[in-house]
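# Examining the three-dimensional arrangement
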Protein chains: 2
Amino acid sequence: MRALYFDGRSLSLVKDYQLKPCDETVVRVSLAGICGTDLEILKGYAGFRGVLGHEFVGVVEESKNPELVGKRVVGEINVGCGTCSFCRKELQRHCPYRTVLGIKERDGAFAEYLTLPEKNLHTVPENVSDTAAVFTEPLAAAYEILEQSHIDPSWRAAVVGDGRLGNLVAQVLSTVVHEVHVYGRHKRKMDILRDLGLKCFHVDESFEPHGYDLVVEASGKTTGLATAANLVKPRGLLVLKTTVADAVSLNLSPLVVNEVNLLGSRCGPFQPALQALSKKLVKVQQLVDAVYSLEEYSTAFKHASSAGTLKILIRP
Amino acid sequence: MRALYFDGRSLSLVKDYQLKPCDETVVRVSLAGICGTDLEILKGYAGFRGVLGHEFVGVVEESKNPELVGKRVVGEINVGCGTCSFCRKELQRHCPYRTVLGIKERDGAFAEYLTLPEKNLHTVPENVSDTAAVFTEPLAAAYEILEQSHIDPSWRAAVVGDGRLGNLVAQVLSTVVHEVHVYGRHKRKMDILRDLGLKCFHVDESFEPHGYDLVVEASGKTTGLATAANLVKPRGLLVLKTTVADAVSLNLSPLVVNEVNLLGSRCGPFQPALQALSKKLVKVQQLVDAVYSLEEYSTAFKHASSAGTLKILIRP
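Residues numbered from 1 in each chain as written. Chains lettered and ligands numbered in written order. Predicted model: local features only at pLDDT ≥ 70, side-chain atom pairs only at ≥ 80, totals over all residues. Heavy atoms only, no water.

### Details of the overall build of chain A
- Scanning chain A from terminus to terminus reveals 10 helices and 19 strands.
- Expected size for 316 residues packed as a compact globule is a radius of gyration near 20 Å; at 19 Å, chain A falls within 12% of this value.
- Its C-alpha atoms put chain A at 55 × 45 × 40 Å along the principal axes.
- The proportion of buried residues among the 316 residues of chain A is 59%.
- For chain A, the proportion of contacts with a sequence separation of at least 24, taken over those separated by at least 6, is 67%.
- When the accessible surface of chain A is summed, it comes to about 12,800 Å², and 50% of that surface belongs to carbon and sulfur atoms.
- Separation of charge centres in chain A, based on 36 positive and 36 negative side chains, amounts to 1 Å. (Helix = DSSP H or I, 4+ residues; strand = E, 2+ residues; numbered from the N terminus. Rg over C-alpha atoms; globule rule 2.2 N^0.38 Å. Buried < 20%, exposed > 50% of the residue type's maximum accessible area, 1.4 Å probe, protein only. Contact = heavy atoms within 4.5 Å. Areas by Shrake-Rupley, 256 points an atom, 1.4 Å probe, with all protein chains shown as cover. Lys, Arg positive; Asp, Glu negative; His and termini not counted. Charge placed at Lys NZ, Arg CZ, Asp CG, Glu CD.)

Below, the structure is given as structure tokens:
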């Protein structure tokens, strides 16, 4: 099959890539999304070698469960050992021995086929299009914030970052909190957020220091945490979603003095994300900038890396 | 009166320093402690100018409340505006307009006298000596951890740092958690902790990566957070007590990927600290390395700054 392989230095399209033999379910990938983490992996994050890609929707081709064959599915990306203390608590995504689709010791979604254990797969409701379903994984990452913490509806919330993840996080927070402000840098991205009814500010122009009970850092930039630390109230909650390959230089004293609760947040629960898409609580179509074939991967990744871009999809 | 004044570049003993006129309670300082924050202020932290020092025990000399005169007291160091949203919630220590004894726009305790509002003062139980009472402020900072978070007694806890604050934090955690390990670097300091019944490890020799539900960073070093991040379990609680003047270079990805809860923690409640001293739940005498007069301030600060030292006291 055709697959986009990263050898640690560069991406290339391999035409006769072989799926690793296993007893997992085989999924034919219909559509896959390029994520900020993919771009960081190309810069060296996580030391990954293999087929890239972890956001996808597809159709089950082979499975030990005959009822699953032909079903449209999305998939949770962490595969745990099944026996450690985290796996026993249904926290496979923190299993120290886990593999992760397209991120850690497991081939990913920028290919014609991928494999995952059956328990990782979720069937997609009929009224959710492929273009919407491919956002399940990043949307689940936004829902993770609600799983980790109690969010008080009377809080004032801010999101740092107007990109793909910032947009989804702002929409998810808006289902719980009445006042959500997005701090961004790109007119077009902020206009899209405004069309969704969200208040946006340019981070260099309007700034409310220590004015928010909850701040989510989703900028994907090393400078984002300092911005977020300036926005959050003393004793407030600062959720950190950005993973970057580079070390960040940061004066931690304000976090200590203001007793900020800084919460790392990563992959999240798929079911609330699928339900939100099905109920149209969260809108994702406006985030798609282009769809490319596997062969056009070079253009696709250039497009995804450029500052103004939201989501780039790949159709294998 | 005599007072140790910091002009932004150096400390000096001023012989005829005048207390600022105010209607606060006047306390004659019996004993004061040099804290890591004092040493950081001398390096530029917080931009403070004035009389240094914020750990003290003393005797009330003048007060609008006649019953207070002659009483032995310790004092909370944050003085709020009294009207903002934090002050209304009894969180003066987060008032954005606060002054802080010897740290922010308020003369401190390395002087014959200091002033504080009556509400900041707590009388010291008779069975607590001056040498013990002077530890109330740093001990309250250790108790702040219990005020901020629910600590599960079945957790495994680690403290990074075998110094003054690490020692107090380890003792306080031991009142709640059965298993507390201290990671240090100094044989003498670790021997003192072992005499208190605590398990100690040299941070370079024995290390249990991601083995602790709760890790408290109290090393006072810029490298401490990276050590703590390696000790804490995924989804664990990492309490950050260290304030340093320097920026820290840190790869934040492990905190995000492991969804660590990083909690800044500063000043704490005085009453539990005084009660713990009175009930001998926490022992502090073993931490005192030397007592100096105000005139010996230069020797005192040199002693406090040297690597092997625990607590240095000043008797004005």
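### Some details on unusual backbone geometry
Residue and element names in this part refer to chain A.
- Phi is positive for Glu259, which is not a glycine, with a value near 50 degrees.
- Here Glu259 shows up in the loop between helix H8 (253-257) and strand S17 (261-264).
- Glu259 sits in the buried class, given a relative accessible area of 3%.

### Here we look at the pairing of strand S3 (residues 25-33) of chain B
All names here are of chain B.
- Burial runs high along S3: 8 of the 9 residues are buried.
- As paired elements, S3 and strand S5 (residues 55-62) share 7 bridges and run antiparallel to each other. Within S5, the residue paired with Val26 across the bridge is Glu62.
- With 2 bridges joining them, S3 and strand S19 (residues 311-315) adopt antiparallel strand pairing. Residue pairing in the sheet places Ala32 in a bridge with Ile314 of S19. (Pairing = 2+ DSSP bridges.)

### Observations concerning empty space enclosed by the protein
- Following the criterion strictly, the structure yields 2 cavities of 30 Å³ or more and no others.
- Estimated volume of the largest cavity: approximately 70 Å³.
- Leu252 of chain A together with Glu217, Lys221, Thr222, Gly224, Leu225, Leu240, Thr242, Val244 and Val248 of chain B are the residues that line the largest cavity.
- Within this model, the second largest cavity holds a volume of roughly 50 Å³.
- Forming the boundary of the second largest cavity are Glu217, Lys221, Thr222, Leu225, Leu240, Thr242, Val244 and Val248 of chain A together with Leu252 of chain B.
- Here the lining of the second largest cavity is composed, by residue class, of 5 nonpolar, 2 polar and 2 charged. (1 Å grid on protein atoms, 1.4 Å probe; cavity = no way out; pocket = protein on both sides within 12 Å on 5 of 7 lines; lining within 4 Å. Points joined across faces, edges and corners; volume = space filled by probe spheres on them. Nonpolar A, V, L, I, M, F, W, Y, C, P; charged D, E, K, R; others polar.)

### Side note on the interface of chain A and chain B
- Across the contact, 39 residues belong to chain A and 39 residues belong to chain B.
- Summed over both partners, the interface of chain A with chain B buries about 3,100 Å², with 56% contributed by carbon and sulfur atoms.
- Ranking the residues of chain A by area buried against chain B places Arg235, Val256 and Glu259 of chain A at the top, with a combined share of 20%.
- Where chain A touches chain B, the interface holds 4 salt bridges.
- Arg235 of chain B is the partner of Glu144 of chain A in a salt bridge, and the nearest nitrogen-oxygen pair spans 2.7 Å.
- Where chain A meets chain B, there are 13 residue pairs in polar contact (both at pLDDT 80 or more).
- Secondary structure elements with two or more residues in the side of chain A that touches chain B: helix H4 (136-148), strand S15 (232-240), strand S16 (248-250), H8 and S17 of chain A.
- For the side of chain A that touches chain B, the residue count by class is 19 nonpolar, 11 polar and 9 charged.
- The pairing of S16 of chain A with strand S16 (residues 248-250) of chain B spans 3 bridges and is antiparallel. In the strand pairing of S16 of chain B, Ser249 of chain A is matched with Ser249 of chain B. (Buried area = accessible area lost by both parts, 1.4 Å probe. Salt bridge = Lys/Arg side-chain N within 4 Å of Asp/Glu carboxyl O. Polar contact = N/O pair within 3.5 Å; in protein donor to acceptor, adjacent residues only side chain to side chain.)

### A closer look at the relation of the copies chain A and chain B
- Overlaying chain A on chain B yields an RMSD of 0.0 Å, the required transformation being a rotation through 180 degrees with an accompanying axial translation of 0.0 Å. Here the symmetry operator amounts to a two-fold rotation axis. Among all residues of chain A, the one whose C-alpha sits closest to the rotation axis is Ser249 of chain A, at a distance of 2.1 Å.
- Of the interface residues in chain A, 100% have counterparts in chain B that sit at the interface too, so the contact is made through matching surfaces. (Least-squares fit on C-alpha atoms with pLDDT ≥ 70 in both.)

### Here we look at the pattern of salt bridges
- A full pass over the atoms with the stated rule returns 44 salt bridges over all chains.
- The partner of Asp289 of chain A in a salt bridge is Arg188 of chain A, and the shortest N-O contact between them spans 2.3 Å. Remark: Arg188 of chain A occurs in helix H6 (residues 187-195) and Asp289 of chain A occurs in strand S18 (residues 288-293); sequence separation between them is 101 residues.
- Across the salt bridge formed by Glu147 of chain B and Arg235 of chain A, the nearest N and O atoms sit 3.5 Å from each other. Pair noted here: Glu147 of chain B is in helix H4 (residues 136-148) and Arg235 of chain A is in strand S15, and the two residues belong to different chains.
- In this structure Glu147 of chain B comes out as partly exposed when scored by relative accessible area, which is 41%.
- On the accessibility criterion, Arg235 of chain A (32% relative accessible area) is partly exposed.
- If you follow the salt bridges from partner to partner, you end up with Arg93, Glu144 and Glu147 of chain A together with Arg235 and Glu259 of chain B in one network.

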